[in-house]
Amino acid sequence: MSLNRKMEIAAKPSESTSLKFQCQSGSLDSVLPDLINQNHALPDLDKPPSTPDTRKIIIETPETQKLDEDSKITSNLRTKTVTPPSIDSMMDPSLIEMMSTTLTEVIMHSELSYGHVLHMHSDHSTRKKSKRNQNCITRTLSLNLEISSTVDGPMPSEEEEKDGPSSLHEAIICKYLKTASTVLEDEPMNASVIISAPARLPSLPATLVLNDCEISHVGDLEQLEPMCRYVRELDLAKNRLNNLCEVEKILGLMNRLTFLNLSSNNLSQGGNLHIDNVSVETMKWLVLNSTYIPCEAVELILACMPNLEELYLSLNGYKHIGMDQNKLADSIHLIHVSGNPITNWEDITKLGQKFPNLETLVMADCLIRGIENDEIIGAAFEKLQSLNISNNKIDSWEEIDKFRSFPSLIDLRLLGLPLLEHYNPQERRLLMIGRLPNIERLNGSRISDLEREDAERAFIRYYMQKPPHEQPNRYGELIAKHGRLDPLANVDLRPKKVIQVVIQYEDKRQLRQISVQQTVGAFKCSLQEFCALPTNQIRLFYVDAEIRDFQGPEELRFCNTKMLYTLNVQDGDEFHIVKKL
């Protein structure tokens, strides 16, 4: 085997020494066995290493040399680093020959896995050997093998890392593919062997989360395409994408996506879409919240997603829904349009006509005041089952009654309406349930049969006191179902705080109202004026009027801190005062 060898050996051991070996074959075998099988003893790791040396050995195969010369892309070379020990003196020529042969065999008979970095850290021990009356160094290698993934393609510069990546390509590299070569800090870095090999294409996880990464464009499509072919979910929220053409590139690049989040990227004025040749049949969830993307652009995107199920268009500043009702998107069953300043119910009707299989519509925090043209609701929202219309501007019960027009609606959320401000939470729920017999779940809580019956009866009693012109149609329906009900008796079960008792001292009797929210000691103080006695001369007896015939008076001794209501004092009971002797 021929070997081209360049050796530059310094005159003094303290100076830097470099060895460079160029091998004529690129066939690579196992590294570890060949090195260990050399006739060298492993070092004693407990002993401190000898004086470090800066000798550097570089080994390259012709394939990697040609690749570097032709393409000039150094990132496509994979670096394998071996850290050999220091040398106490200049190496003997025979030892250099032995070492070069060993390293050559490593290259010739090793098959290093492409796309990985191999770090070999070596220690050494020295012993005296008598040959030509010279001392030479016997190297013994102990190998520490460490494999780590590496990156294909050019790395971002330090400036780009500082300011943050500007392309999707750079962001992926920075977060998912970039790894630095690992060097053990506690081991001396004496010399190195660098082996270059072509890289294998890196792989990415199925879910990429790259929100708030300052991404403004896609970047190198040729390098992204093989890396992203298996990506299923992509989150690009809070970036700087402002061109719809970049969205087109993403859809063409990752045509197996099931989830895409582009929230908080301003796509209001981002060019034109040309996605006739793009199809993402696997897409199920598309999030475009706070993007201000025009409705026309949304329609173009929907055209390349025939199986999309959920669409999020909240906080986009829509005052009107400008979509073509003739181009149906029948795969979508959930839409969010919350936080848009929509005032006209006609625009909401367009959504029902555009998406005929819509089952869930979330339109909270809009500016809807009522439902217009409720006669076409059945045709526009035939399959709608869940509706969230909280925090809108509905202010009349007549508009609430119109929710009965939805043929399949069973789940309704109605919170934060001006209409409900004058009612307590219990009244709101009872009146809502009484009006809407078709609703099975209200504001997230399921309505039981018992709760519905109680609500309908409460609805009857609430409106039976109202004049006929204020009684809704639902009142007559419930009268026919439950009949006319008697008003409930107004029974106050709260305990009394003030009662009427009799105070007696000798032959004096007085009828007095007292508060039971006071202590026995405070009550005695209030009796001083009546009996003209100081409190320390008052003996107080309590007489229960209901059991006075069976039990005599009870003296209230040692209970000045006791509350009167704990005695269960009732109207007609008596308190007798006796002077202490």
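Residues numbered from 1 in each chain as written. Predicted model: local features only at pLDDT ≥ 70, side-chain atom pairs only at ≥ 80, totals over all residues. Heavy atoms only, no water.

> Tell me about the overall build of the protein chain, and please be specific about residues and values.
Helix and strand content of the protein chain: 16 helices and 23 strands. Looking at the protein chain residue by residue over its 581 residues, the buried ones come to 43%. Across the protein chain, contacts joining residues at least 24 apart in sequence account for 77% of those joining residues at least 6 apart. Of the roughly 31400 Å² of accessible surface on the protein chain, a fraction of 48% belongs to carbon and sulfur atoms. (Helix = DSSP H or I, 4+ residues; strand = E, 2+ residues; numbered from the N terminus. Buried < 20%, exposed > 50% of the residue type's maximum accessible area, 1.4 Å probe, protein only. Contact = heavy atoms within 4.5 Å. Areas by Shrake-Rupley, 256 points an atom, 1.4 Å probe, with all protein chains shown as cover.)

> Give a detailed account of the sheet that holds strand E21 (residues 538–543), specifying residues and quantitative values.
Sheet strands associate in pairs through backbone hydrogen bonding, adopting either a parallel or an antiparallel arrangement. With mixed pairing, the 5 strands of this open sheet are ordered in space as E20-E19-E23-E21-E22. Edge strands, defined here as strands with exactly one partner in the open sheet, are strand E20 (508–515) and strand E22 (554–555). (Pairing = 2+ DSSP bridges.)

> Explain the sheet that holds strand E8 (residues 207–209) residue by residue, including any values.
Taken in spatial order, the 11 strands of this open sheet run E8-E9-E10-E11-E12-E13-E14-E15-E16-E17-E18, and their pairing is mixed. Unpaired on one side and paired on the other, E8 and strand E18 (445–446) mark the two borders of the sheet.

> Which residues make up the pairing of strand E23 (residues 574–579), and what values do they have?
Pairing of strand E19 (residues 498–505) with E23, which is carried by 4 bridges, proceeds in the parallel orientation. Each bridged residue has a counterpart across the sheet, and for Tyr505 the counterpart in E23 is Ile577. Bridge count for E21 against E23 is 6 bridges, and the pairing is antiparallel. Bridging across to E23, Arg539 finds its partner in Val578.

> An account of the side chain of Thr258 is requested, with residue identities and associated values reported.
Here Thr258 lies in the loop between helix H7 (244–253) and strand E10 (259–261). Taking relative accessible area as the criterion, Thr258 reaches 19% and is therefore assigned buried. Those residues in contact with Thr258 that lie beyond four places of it in its chain are Arg232, Glu233, Thr282, Met283, Lys284 and Trp285.

> Give a description of the packing of aromatic side chains that names residues and reports values.
Under the counting rule described, the total for this entry stands at 9 aromatic pairs. With a centroid separation of 6.2 Å and an interplanar angle of 45°, the aromatic rings of Trp345 and Phe381 are classed as tilted. Separated by 36 residues along the polypeptide, Trp345 in helix H9 (residues 345–354) and Phe381 in the loop between helix H10 (377–380) and strand E15 (386–388) bring together distant segments of the chain. Ring centres of Tyr462 and Tyr463 lie 4.9 Å apart, and the angle between their planes is 80°; this geometry places the pair in the edge-to-face category. You can call Tyr462 partly exposed: its relative accessible area is 29%. Between the NZ or CZ atom of Lys508 and the centre of the ring of Phe530, over which it lies, the distance is 4.8 Å. (Phe/Tyr/Trp six-rings, centres within 6.5 Å; stacked < 30°, edge-to-face > 60°. Lys NZ or Arg CZ within 6 Å of the ring centre and 35° of its normal.)

> Can you break down the packing of helix H12 (residues 425–435) against helix H13 (residues 449–464) residue by residue, with the values?
Between H12 and H13, the least distance of the axes is 8 Å, while the angle of their chain directions is 95°. Judged by the inter-axis angle, H12 sits roughly perpendicular to H13. Within the contact between the two elements, H12 uses Arg429, Leu430, Leu431, Ile433, Gly434 and Arg435 and H13 uses Glu451, Arg452, Ala455, Ala458, Phe459, Tyr462 and Tyr463. Per-class residue counts for the contact of H12 with H13 are 8 nonpolar, 1 polar and 4 charged. (Axes fitted to C-alpha atoms, helices over the stretch in contact; angles between N-to-C directions. Parallel < 35°, antiparallel > 145°, perpendicular 65-115°, else oblique. Nonpolar A, V, L, I, M, F, W, Y, C, P; charged D, E, K, R; others polar.)

> Give me the packing of H13 against helix H14 (residues 473–482): which residues, what numbers.
Closest axis-to-axis distance for the H13/H14 pair is 10 Å, and the angle between their directions is 120°. On the basis of their axis angle, the class for H13 and H14 is oblique. Pair H13 / H14 crosses with left-handed handedness. Each of Glu453, Glu456, Arg457, Phe459, Ile460, Tyr463 and Met464 in H13 lies in contact with H14, whose residues at this interface are Arg474, Tyr475, Leu478, Ile479, Lys481 and His482. Residues that form the contact of H13 with H14 fall into these classes: 7 nonpolar, 1 polar and 5 charged. (Left-handed = near helix turned anticlockwise from the far one by under 90°.)

> Give a description of H12 that names residues and reports values.
For an α-helix, the turn length of 3.6 residues means that residues three or four places apart are oriented alike. Here H12 has its buried residues at Arg429, Leu431, Met432, Ile433, Gly434 and Arg435. Between the side-chain oxygen of the N-cap and the backbone nitrogen of Gln426 there are 3.1 Å, and the N-cap of H12 in question is Asn424. (Polar contact = N/O pair within 3.5 Å; in protein donor to acceptor, adjacent residues only side chain to side chain.)

> How would you explain the pattern of salt bridges if you had to name every residue and give the values?
Applying the stated criterion across every chain yields a total of 19 salt bridges. Taking the shortest distance from any N to any O, the salt bridge between Arg457 and Glu453 comes out at 3.6 Å. On the criterion of helical spacing, the pair formed by Arg457 and Glu453 is a turn pair, its members being 4 residues apart in helix H13. Among the salt bridges present, the one from Lys496 reaches Asp571, with a minimum N-O distance of 3.0 Å. Of the two residues, Lys496 sits in the loop between H14 and E19 while Asp571 sits in the loop between E22 and E23, which places them 75 residues apart along the sequence. Residue Lys496 is classed as exposed on the basis of its relative accessible area, which comes to 56%. A residue is classified by how much of its surface remains accessible, and Asp571, at 42% relative accessible area, is partly exposed. The network of salt bridges with common partners includes Arg404, Glu456, Arg474, Glu477 and Lys481. (Salt bridge = Lys/Arg side-chain N within 4 Å of Asp/Glu carboxyl O.)

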